[in-house]
Amino acid sequence: MKKSAAKSSPAKAKPAAAKNLPGKGRKALITGITGQDGSYLAEFLIAKGYDVHGIIRRSSSFNTGRIDHIYLDPHVKGGRLKLHYGDLCDANNLAKLVRETQPDEVYNLGAQSHVRVSFDMPVYTAETVAMGALKLLEAVRVFQAESGKQVRYYQASSSEQYGKVLEVPQTEKTPFYPRSPYACAKLMAHWATVNYRESYGMHASCGILFNHESPRRGETFVTRKITRAVGRIKVGLQDKVFLGNLDSKRDWGFAGDYVKMMWMMLQQEKPDDYVVATGRTITVREFAQMAFDYAGLSWKKHVAFDPRYLRPAEVDLLLGDPAKAKRKLGWKPETSVEQLAAMMVEHDLELARREKTLRDAGHSMPDFAGHDQ
Ligand code: NAP
Ligand code: G4F
């Protein structure tokens, strides 16, 4: 097995002092900071010297596992990450947090982001994804009008918006054809962002991001579901992984590369919308084969079909053309899908080894109960 280059969660370290860093004195407010992208973006901005404010949901169990390594106890001096309770469904709370934190940049990453789950919870998905974005835009607009301070706004748009694709590859000009409640809601948030830019002159931009993954990816998205299974199968904790449609094609990149582009978009003089993608697409089957091969396992032996993972309407093919991002901002992806799969398998093998050690020592471990997607 080859060695992977990237780590998912660096050991907890005191952040470097902000002085002399380019982002010193700048403040960012992030919704969805506890998610995959939020955690990479927070790390990225703190390394640039920003003060980062993150909105977290109150939960009966801890939901900050992805950002614990960059959080310092408020009693320790030097922390540049502050967390605030809030929810995209609560307009008053969003307005209050924007007013109190007075951000230079707002990144709206919060969402019920699982496409399959959006068919089970269409109204809640629309409340968080569509109405949540509108509530946040409105909070920023009012704050700007009252304070006179310009705030730059980033909206996490999605390649899911292309749905039943009308053009291959997809660019910023390709028409949208959403195929799920999630995509319909993202479309509303996307157009609301464009509308606030055009109506009120707001510095509001949409990043149309194609699928991006990492060792911090949620465990019910297909790449992570596969790499978690590879790790557990390799150490003998399970034998099979059940998947749905193996034929759909996705343009998979690394989340760490993509958050840089979110920031770059907000550093431009003029707001605009950009496709963020690798320009290469492979099937779910090919990704599975890549991940199992890396661990020296046969995917055919361990992957089984279960129709419960099929969706009422599927997005068959996503392939992004990131030419505009490259031409205008000089951005390009740094990580191939092979490197991505290797990084995720390495991480999940280590996780499985630890799980096995605990099980062998007699500790009872949960079996992903209720997280079946
Ligand atoms: P993720 O891991 O699922 O994270 C979603 C975040 O949103 C979590 O922090 C979650 O909080 C938070 N959240 C959920 N409901 C909320 C609510 N009602 N109020 C406030 N926060 C809420 O998603 P991700 O992969 O990092 O994606 C980030 C954003 O980019 C999302 O908007 C997603 O739809 C979009 N996007 C993702 C991709 C991709 O391939 N990853 C591609 C295109 C667009 P908890 O931790 O408490 O659940
Ligand atoms: O990993 P997925 O669940 O991601 P999907 O649906 O493409 O959505 C992700 O990417 C979007 C960007 O295009 C984001 F906006 C969105 O928030 C999310 O991050 O599924 C990928 C493909 C689908 O075609 C699905 O049908 O994998 C197929 N698949 C096959 N078996 C499965 C499974 N997906 C999941 N989640 N679980 C399965 O067992």
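Residues numbered from 1 in each chain as written. Chains lettered and ligands numbered in written order. Predicted model: local features only at pLDDT ≥ 70, side-chain atom pairs only at ≥ 80, totals over all residues. Heavy atoms only, no water.

**Q** Help me understand the sheet that holds strand 11 (residues 274–276), please; the structure alone is not making it clear to me.
**A** Hydrogen bonding along the main chain pairs the strands of a sheet, whether they run parallel or antiparallel. Strand order in the open sheet made by the seven strands is 3-2-1-4-5-6-11, with parallel pairing throughout. Each of the sheet's edge strands pairs with one partner strand only, and the pair in question is strand 3 (81–85) and strand 11. Direction aside, the axes of adjacent strands within the sheet are offset by 20° on average. Relative to strand 11, strand 6 (residues 203–209) is paired through three bridges, and the arrangement is parallel. Residue pairing across strands places Leu 209 opposite Val 276, the latter belonging to strand 11. Here helix 2 (residues 91–101) sits on the sheet in contact with strand 1 (27–31), strand 2 (51–56) and strand 3, set at roughly 155° to strand 3. Each of strand 4 (105–108), strand 5 (152–158), strand 6 and strand 11 touches helix 7 (residues 255–266); the most contacted strand, strand 6, lies at about 155° to it. (Pairing = 2+ DSSP bridges. Helix = DSSP H or I, 4+ residues; strand = E, 2+ residues; numbered from the N terminus. Axes fitted to C-alpha atoms, helices over the stretch in contact; angles between N-to-C directions. Contact = heavy atoms within 4.5 Å.)

**Q** Help me out: how do you make sense of the pairing of strand 1 in this one?
**A** If a strand is regular, its side chains alternate between the two faces of the sheet. With four of its five residues buried, strand 1 lies for the most part within the structure. Note that the unit made of strand 1, helix 1 (residues 36–47) and strand 2 has a crossover that is right-handed. By the bridge criterion, four bridges tie strand 1 to strand 4 in an arrangement that is parallel. Opposite Leu 29, over in strand 4, you have Val 106 as the bridge partner. (Buried < 20%, exposed > 50% of the residue type's maximum accessible area, 1.4 Å probe, protein only. Right-handed = clockwise from strand over helix to strand, strands pointing away.)

**Q** I'm lost on the site of ligand 1 in this one. Help?
**A** For ligand 1, the set of nearby residues contains 25 residues, the closest of which are Thr 34, Asp 37, Arg 57, Ser 113 and Tyr 182. Ala 111 has a polar backbone atom sitting 3.1 Å from an oxygen atom of ligand 1. Between ligand 1 and Ser 113, the relevant distance is 2.6 Å, taken from an oxygen atom to a side-chain nitrogen or oxygen of the residue. A total of 900 Å² of accessible area belongs to ligand 1 in isolation, and the protein chains cover 90% of it. For the shell around ligand 1, the secondary-structure elements that each account for two or more residues are helix 1, helix 4 (122–147), strand 5 and helix 5 (181–200). Across the shell around ligand 1, the residue classes break down as eight nonpolar, twelve polar and five charged. (Near = heavy atom within 4 Å. Polar contact = N/O pair within 3.5 Å; in protein donor to acceptor, adjacent residues only side chain to side chain. Areas by Shrake-Rupley, 256 points an atom, 1.4 Å probe, with all protein chains shown as cover. Nonpolar A, V, L, I, M, F, W, Y, C, P; charged D, E, K, R; others polar.)

**Q** Looking at this structure, I do not really get helix 8 (residues 284–294). What am I missing?
**A** An α-helix turns once every 3.6 residues. As a result, residues three or four positions apart point the same way. Residues of helix 8 that are buried: Val 284, Phe 287, Ala 288, Met 290, Ala 291, Phe 292 and Tyr 294. The inward-facing, buried residues of helix 8 abut helix 6 (222–234), strand 8 (241–243), strand 12 (282–283), helix 9 (299–302), strand 13 (303–305) and helix 11 (337–360). Looking one or two residues beyond helix 8, the residue adopting positive phi is Gly 296, at roughly 75°.

**Q** How should the side chain of His 84 be read in this particular structure?
**A** Locating His 84 in the fold gives a position in strand 3. A polar contact is formed between the side chain of His 84 and the side chain of His 53, at a distance of 2.8 Å. With residues up to four places along the chain from it excluded, the contact list for His 84 reads His 53, Gly 54, Ile 55, Ile 56, Leu 97 and Thr 101.

**Q** Help me understand the pattern of salt bridges in this model?
**A** Oppositely charged side chains are able to pair whenever their charged atoms sit close together. Evaluation of the coordinates by the stated rule reveals 25 salt bridges. In this structure, the salt-bridge partner of Asp 120 is Arg 116, at a minimum N-O distance of 3.3 Å. One end of the pair is Asp 120 and the other is Arg 116, both in helix 3 (residues 115–120) and four residues apart, which spans about a single turn. Where salt bridges share partners, they join Glu 219, Arg 224, Arg 228, Arg 232, Asp 348, Glu 355 and Arg 359 into one cluster. (Salt bridge = Lys/Arg side-chain N within 4 Å of Asp/Glu carboxyl O.)

**Q** Help me out: how do you make sense of the environment of Lys 82 in this one?
**A** Within the secondary structure, Lys 82 is located in strand 3. In this structure Lys 82 comes out as partly exposed when scored by relative accessible area, which is 45%. Taking the C-alpha atoms as reference points, Lys 82 and Ile 55, separated by 27 residues in sequence, lie 8.7 Å from one another. With residues near it in sequence (within four places) discarded, Lys 82 still touches Val 52, His 53 and Gly 54.

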